[in-house]
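Coordinates in review
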Amino acid sequence: IHIEKKIEELGIELPAAPLPKANYNIVCLPPGESVMYVSGHLPIKADGELMTGTLGPDNGGMTVEEGYAAARHCGLNIIATLKKQLGDLDRVEQVVKVFGIVSSHTDFKHQHLVMDGCSDVIMEVFDKPVGYHARSAIGTNTLPLNAPVEVEAIVKIKPE
């Protein structure tokens, strides 16, 4: 099934592909290579609002469910970037790896559940085997622009 059609059928609205927030490329695809490195993406909603906060409800922070939603927005932004860069999401051969960083209080231990938000949307859109990826999820004390989650990806691309 054509991926853009599947996105439409799922009722998923892709946001505008984000631009870098500093001095770096949003993706890197070395000439002659088939592996695209996707820079860290923040949870920017379709209306352009950046989600902010820190995970850790015991300390007044965001809940796992709110973090899951933020990670899902990161995934949607990654998919939007892939669409913009490739022109056709059917060129994605394999989402190889997703690396998620979760801004969290030191007693918060559920970064892996937060990152399911990103993994789940990638699987909804690309399904197995294309969307089934390796993943890491870590916690940190702060992220740029007070974002609760940042996600980067490595994606194998089919030739044009």
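Let me begin by describing the structure that accompanies this report.

**Some words on the packing of helix H1 (residues 3–10) against helix H3 (residues 111–126)**
- Running from N to C, H1 and H3 cross one another at 115°; their axes reach a closest spacing of 8 Å. Facing Ile3, Lys6, Ile7 and Leu10 of H1, the residues of H3 in contact are Glu124, Val125 and Phe126.
- Taken together, the residues of the contact of H1 with H3 break down into five nonpolar, no polar and two charged.

**As for the pattern of salt bridges**
- Within the structure shown, the criterion is met by six salt bridges.
- Note that Lys83 is salt-bridged to Glu4, the shortest N-O span being 3.4 Å. You can see Lys83 sitting in helix H2 (residues 64–86) and its partner Glu4 sitting in helix H1, a full 79 residues away along the chain.
- You can call Lys83 partly exposed: its relative accessible area is 33%.
- The class for Glu4 is buried, based on a relative accessible area of 18%.
- As a salt-bridge pair, Asp127 and Lys6 come within 3.9 Å of each other at their nearest N and O atoms. Taken together, the positions of Asp127 in the loop between H3 and strand E4 (134–140) and Lys6 in helix H1 put the pair 121 residues apart, joining distant regions of the chain.
- Residue classification places Lys6 among the buried residues on the basis of a relative accessible area of 15%.

The rules we used
Residues numbered from 1 in each chain as written. Predicted model: local features only at pLDDT ≥ 70, side-chain atom pairs only at ≥ 80, totals over all residues. Heavy atoms only, no water. Axes fitted to C-alpha atoms, helices over the stretch in contact; angles between N-to-C directions. Helix = DSSP H or I, 4+ residues; strand = E, 2+ residues; numbered from the N terminus. Contact = heavy atoms within 4.5 Å. Nonpolar A, V, L, I, M, F, W, Y, C, P; charged D, E, K, R; others polar. Salt bridge = Lys/Arg side-chain N within 4 Å of Asp/Glu carboxyl O. Buried < 20%, exposed > 50% of the residue type's maximum accessible area, 1.4 Å probe, protein only.

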